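Chain by chain, the residues:
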Protein chains: 2
Amino acid sequence: MQLISVCEYLLVRLAELGISDIIGVPGDFNLGIVEKIEHDDRFRFISECNELNASYAADGYARTHGISTLITTYGPGELSAVNGIAGAYAERVPVLKITGGIALSKIAKKLPLHHTLLNGKYDQSLKIYEQITCAQGLITFDNPGEQIDRLINACIRHKQPVYMQIPQDLALHMIPAPTAKIKLNVNEPLTDSEAKIVDLIHQKLLNAKNPIIIVGDLIDRYNLGQEIETFLAIRGIPFVLSWAVKGLIREELANYGGVYAGEFSVHQVREFVESSDCIISLGMFNCEINLGEFSANLPQDKLIDIQLDSAAYNNESFTITNFTSVITAITELQINRRFNEITHNPNYQTSANLPANTILHDHIIDEAGKFLAENDTLILETGTISFTAGYYKVPAKVKVISSVNWYSIGYALAATSGVALAKKTGRTLLITGDGSLQMSVQAISTMLRYDLKPVILILNNEGYTIERAFLGENSSYNDVQIWNYTSLADSFGGNAYTRIVTNATELEQVLNQAKQQTDKMWLIEVKMGKYEYPSALLKLAELVVKQRESQGK
Amino acid sequence: MQLISVCEYLLVRLAELGISDIIGVPGDFNLGIVEKIEHDDRFRFISECNELNASYAADGYARTHGISTLITTYGPGELSAVNGIAGAYAERVPVLKITGGIALSKIAKKLPLHHTLLNGKYDQSLKIYEQITCAQGLITFDNPGEQIDRLINACIRHKQPVYMQIPQDLALHMIPAPTAKIKLNVNEPLTDSEAKIVDLIHQKLLNAKNPIIIVGDLIDRYNLGQEIETFLAIRGIPFVLSWAVKGLIREELANYGGVYAGEFSVHQVREFVESSDCIISLGMFNCEINLGEFSANLPQDKLIDIQLDSAAYNNESFTITNFTSVITAITELQINRRFNEITHNPNYQTSANLPANTILHDHIIDEAGKFLAENDTLILETGTISFTAGYYKVPAKVKVISSVNWYSIGYALAATSGVALAKKTGRTLLITGDGSLQMSVQAISTMLRYDLKPVILILNNEGYTIERAFLGENSSYNDVQIWNYTSLADSFGGNAYTRIVTNATELEQVLNQAKQQTDKMWLIEVKMGKYEYPSALLKLAELVVKQRESQGK
Ligand SMILES: Cc1ncc(C[n+]2csc(CCOP(=O)(O)OP(=O)(O)O)c2C)c(N)n1
Ligand SMILES: Cc1ncc(C[n+]2csc(CCOP(=O)(O)OP(=O)(O)O)c2C)c(N)n1
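Cut-offs used in this document
- Residues numbered from 1 in each chain as written.
- Chains lettered and ligands numbered in written order.
- Predicted model: local features only at pLDDT ≥ 70, side-chain atom pairs only at ≥ 80, totals over all residues.
- Heavy atoms only, no water.
- Domains from an automatic or database assignment.
- Contact = heavy atoms within 4.5 Å.
- Buried area = accessible area lost by both parts, 1.4 Å probe.
- Salt bridge = Lys/Arg side-chain N within 4 Å of Asp/Glu carboxyl O.
- Polar contact = N/O pair within 3.5 Å; in protein donor to acceptor, adjacent residues only side chain to side chain.
- Patch = residues over 30% accessible without salt bridge, like charges linked within 9 Å, V, L, I, M, F, W, Y side chains within 5 Å.
- Areas by Shrake-Rupley, 256 points an atom, 1.4 Å probe, with all protein chains shown as cover.
- Helix = DSSP H or I, 4+ residues; strand = E, 2+ residues; numbered from the N terminus.
- Buried < 20%, exposed > 50% of the residue type's maximum accessible area, 1.4 Å probe, protein only.
- Least-squares fit on C-alpha atoms with pLDDT ≥ 70 in both.
- Pairing = 2+ DSSP bridges.
- Nonpolar A, V, L, I, M, F, W, Y, C, P; charged D, E, K, R; others polar.

## Brief notes about the domain arrangement of chain A
All names here are of chain A.
And then number 1: For chain A, the assigned domains read domain 1 (3-176), domain 2 (192-332) and domain 3 (361-540).
And then number 2: The interface of domain 1 with domain 2 comprises seven residues on the first partner and seven residues on the second.
And then number 3: Between domain 1 and domain 2 lies a buried interface of about 640 Å² when both sides are counted; carbon and sulfur atoms form 48% of it.
And then number 4: If you sort the residues of domain 1 by the area they bury against domain 2, R92, R157 and K159 come out on top, with a joint share of 70%.
And then number 5: In this assembly, domain 1 and domain 2 are joined by zero salt bridges.
And then number 6: There are four residue pairs in polar contact (both at pLDDT 80 or more) connecting domain 1 and domain 2.

Spelled out as structure tokens, the structure:
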């Protein structure tokens, strides 16, 4: 029996998962593990400037590669990452959150060590992470390999973060090497309940008048986009995408109907979806934004809603045990019939007469759309810009990443570092607000350090414009300090192409240039109006007012 | 009966507590509250760039003013502040952590709103904060004023953070105005158990051969420094300070014996303390650093250890109900006797022959000591520099702030913004490592925005030097990106005096100049050796090696 250290056991698993960059911040409780990584050719340890950024980066890496690892130290380190992991939990992004913990022997002695709360307790982090991960564990001497595998399996299965604390005295403890590879998600025979829902879908697709499919968030997370795309291409079933998975299915398909998110959808797309007699929603998060601030009109008797653990149709509910198997079974259905052709324009149309002397969100939508090429990734931060997420025209194999519900600002910039690390081909284009950028700005330093070269558009609209749409239009708390954004690369000891643009022509030019010059990061400051709201945001504001009125306030 | 809104009720209380700057980050769930603050002349809302920094700033404000308020939004906002609040909890710093929460009416409908985890739960933040605050509450319609007062009272009493979530639909809900002021900590008659321990101390102070007092952390937190100082000045009892409360008691007092922290103490101070036949420790955190990596030798039969909730002497334990009353009672003891005079030099001596062509920690200790004047605050970040905390020579009324146990890097820079906001007179001098600064660098922007003018020494030793002392001396994870630190002010749209210094003479000169020129922030990059460890850190490293050996590893 081959013996290896607990740490090495973990690394064997990470290598199996194809993880080559391990993101984190060192600290004395994890130095043992990090030092192993340093001397292991299979991996690179990526030091982010702080743990919150590291957690966002791990999220970006996982959305791109499929899974990621985040290593921090106990106490301050791991607790700085709580928000990022919570976001990954909410949006189903599988991150292995690993903490280098206090030696079990020291916990047993109840030593008042640094990084502890001085209240005699050592399990606060486990309890905190219980709220925001799908599985947790403090690794102990009792079969550590099995404990590690259990957590990794949960992460893979639920596509949510898990929390693993490896005490200092376990890191180098010797255990049997794994004898088999970790199990990935595999198709299993359908359960009766699953078979029923698949059968129902089959009947509906054969017999409904104008059925459509909504391709939702979980299709992305469970890496089923390719399967679904092939299925849709062959069968010709009309489909739409949910708001945040733009790009997941090739938009050139003749049966592409646009992006659906209730009132945020292009008018004709909304009509198209809501007039269908059978809407099959595959793994869409039923959340505020996807539902167009709850304006979506998808009546129960027309909607077959496939979620991760259950499906629903017309007051009936079906347990789902294996989402992947159900989706695969759907893609294997024999459906030979003609469907209605798409007669509407599925795309968002930017205004016909955009003024040339300024930059509006419609300009950005147009220019970013022109910039993007196959295999590129577009990352959109929360803020005014996230309300354009469904509106870009993107070539095949372009992934659009945005937070659809957790909505933590600062996320996108740091996530970009993870995305850029994980990407094998293609450019990374980030569009972020100034306020958001300020939250996690040191991620620019990290990207310079590791020679990552995203193109970054910083929308300088002098503050928290999205908030101005709701309250405090001119209040000082919605202002931010005005930075010299283009000088940041230099301050951070790096080198980037920089430009400040103030009108659409300049924006077009600089993006053209960025398309050619790929050898450095691009930092582009885009000056925009303080009150420039994209159309979907205005719709949101209206809907919110209506809600308030209907509540009699 | 006068009616006011819940929000106004809270503000009445904050005004009573003398809080004028409310620190936080706006977000849609707290906009109602923040907008009220914007239009209330009693307060200023201080927008930090992110919530982690805001939490550190609130800690700094509370350490300076006595209590502080931190307002964030629900979900991502509050969860970004977890680490900072955990630190305040560990080190007993009273921060009112207020979250603008989801309307109760919306929670009742279980709406899948943005900023929620999409798991049907809305109480994860409460549960998370349960681990790191001394009291928590989701404010409801059932007597909100009482609920608010309960939380504020807990914060004042325990000197630890409390968590208060104010749902959107409560912020403007009308309730009776408070009819009396909030109760502050007051002296209460001693309980029997308290009287016993005070009496024991009395006997010991009268009869022990060479008793000494250790003035500890809680004396600072419960704002009892002045009382203790007067007591010590009048009675002449020999005393030492614990590691992190340097400056709390005037060092010019003839009975000042130095700083005690086991092996970290100056040799003669350690001898002085450990040869006493009765050591009365008043509120010292018994933690790793204060105990000199557990080298402190304070035998039970000689030590009377007063903690917040209990006291201990020689296997006997005494319940303490009101720490303040106990300390006050001690200061009122009649003790008319002569005590041994201090015959040792209580101060740390920097090396006699410091090389002039470089900058060592001893230089910094000397020069910072010369810079500091009455009412100044010295803030020391965790890292190599925190291992000098006990070694500065400081004038009266200089407060030294450092984290003694939580040890979160990035803390000090952001805390400095809170300290500088709260300070009425005197300068603020921060000494931070480069790695730490990078964690929370945007706090510089915040300080520029609010016209705060600390003097900041950034120790550029090319990375995480403290970690190199333990593992990975040359490992890349202990490197950081080398920034142009002095250009940061400009990048952040502000104006500061900047300088790069590489030897002791330059350091002296620039601090002299900074002493004169007080109209702007100073950003001073101090170039130091990559392996320049202060003496206490070397002692720590030795002690850690010994511990490992004694455990047979
Ligand atoms: C961590 C976190 N803090 C606060 C918020 C509340 N919030 C949502 S959007 C926003 C402002 C974003 O401003 P900016 O990035 O400048 O984009 P803009 O709307 O101006 O385009 C804020 C503060 C949040 N979502 N997440
Ligand atoms: C939030 C957090 N993350 C990680 C650590 C682990 N840690 C302790 S000290 C330190 C390095 C500090 O480096 P620097 O500020 O450059 O100071 P130096 O020791 O080089 O003087 C690190 C990473 C920590 N204490 N807190």
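## Brief notes about a nonpolar patch on the surface
Residues and elements named next belong to chain A.
And then number 1: Together, M1, L3 and M174 line one region of the surface with nonpolar side chains, adding up to about 380 Å² of accessible area.
And then number 2: Looking at where L3 falls in the secondary structure, it is placed in strand 1 (residues 3-5).
And then number 3: For L3, a relative accessible area of 45% puts it in the partly exposed group.

## Brief notes about the environment of A:I212
Residues and elements named next belong to chain A.
And then number 1: Structurally, the position occupied by I212 is in strand 9 (residues 211-215).
And then number 2: Note: C-alpha distance between I212 and I280 (68 residues apart in sequence) is 6.2 Å.
And then number 3: Leaving out residues up to four positions away in the same chain, I212 has contacts with P238, V240, F272, V273, S276, C278, I279 and I280.

## Some details on the relation of the copies chain B and chain A
And then number 1: It takes a turn of 180° to lay chain B on chain A, together with a shift of 0.0 Å along the axis; the resulting RMSD is 0.0 Å. The operation mapping one copy onto its partner corresponds to a two-fold rotation axis. Measuring from the rotation axis to each C-alpha of chain B, the shortest distance belongs to B:I128, at 2.4 Å.
And then number 2: In this assembly, 100% of the residues forming the interface of chain B have copies in chain A that are likewise at the interface, indicating an isologous arrangement.

## Focus on the pairing of strand 14 (residues 310-313) of chain A
All names here are of chain A.
And then number 1: Here strand 14 shows a buried face lined by A311 and Y313 and an unburied face lined by S310 and A312.
And then number 2: Direction of pairing for strand 13 (residues 303-306) relative to strand 14: antiparallel, over a ladder of three bridges. Along strand 14, the bridge assignment pairs D305 with A312.
And then number 3: Linking two consecutive strands that pair antiparallel, namely strand 13 and strand 14, is a turn of three residues.
And then number 4: Strand direction decides the pairing type here: strand 14 and strand 15 (residues 316-319), joined by four bridges, are antiparallel. For A311, the partnering residue across the bridge sits in strand 15 and is F318.
And then number 5: With antiparallel pairing between neighbouring strands as the criterion, strand 14 and strand 15 make up a hairpin whose turn holds two residues, including N314 at a positive phi of roughly 50°.

## Regarding the interface of chain B and chain A
And then number 1: Each partner contributes to the interface: chain B provides 85 residues, whereas chain A provides 85 residues.
And then number 2: Contact between chain B and chain A buries roughly 6900 Å² in total, counting both sides, with carbon and sulfur atoms accounting for 56%.
And then number 3: Joining chain B to chain A, the criterion identifies zero salt bridges.
And then number 4: At the boundary of chain B and chain A, one finds 50 residue pairs in polar contact (both at pLDDT 80 or more).
And then number 5: When its residues are assigned to classes, the side of chain B that touches chain A shows 37 nonpolar, 33 polar and 15 charged.

## Considerations on the environment of B:S47
And then number 1: Inspection of the secondary structure puts B:S47 in strand 3 (residues 44-47).
And then number 2: For the pair B:S47 and B:G24, spaced 23 residues apart in the sequence, the C-alpha separation amounts to 5.3 Å.
And then number 3: Setting aside residues no more than four positions away along its own chain, B:S47 makes contact with A:Y477, B:G24, B:P26, B:T446, B:R449 and B:Y450.

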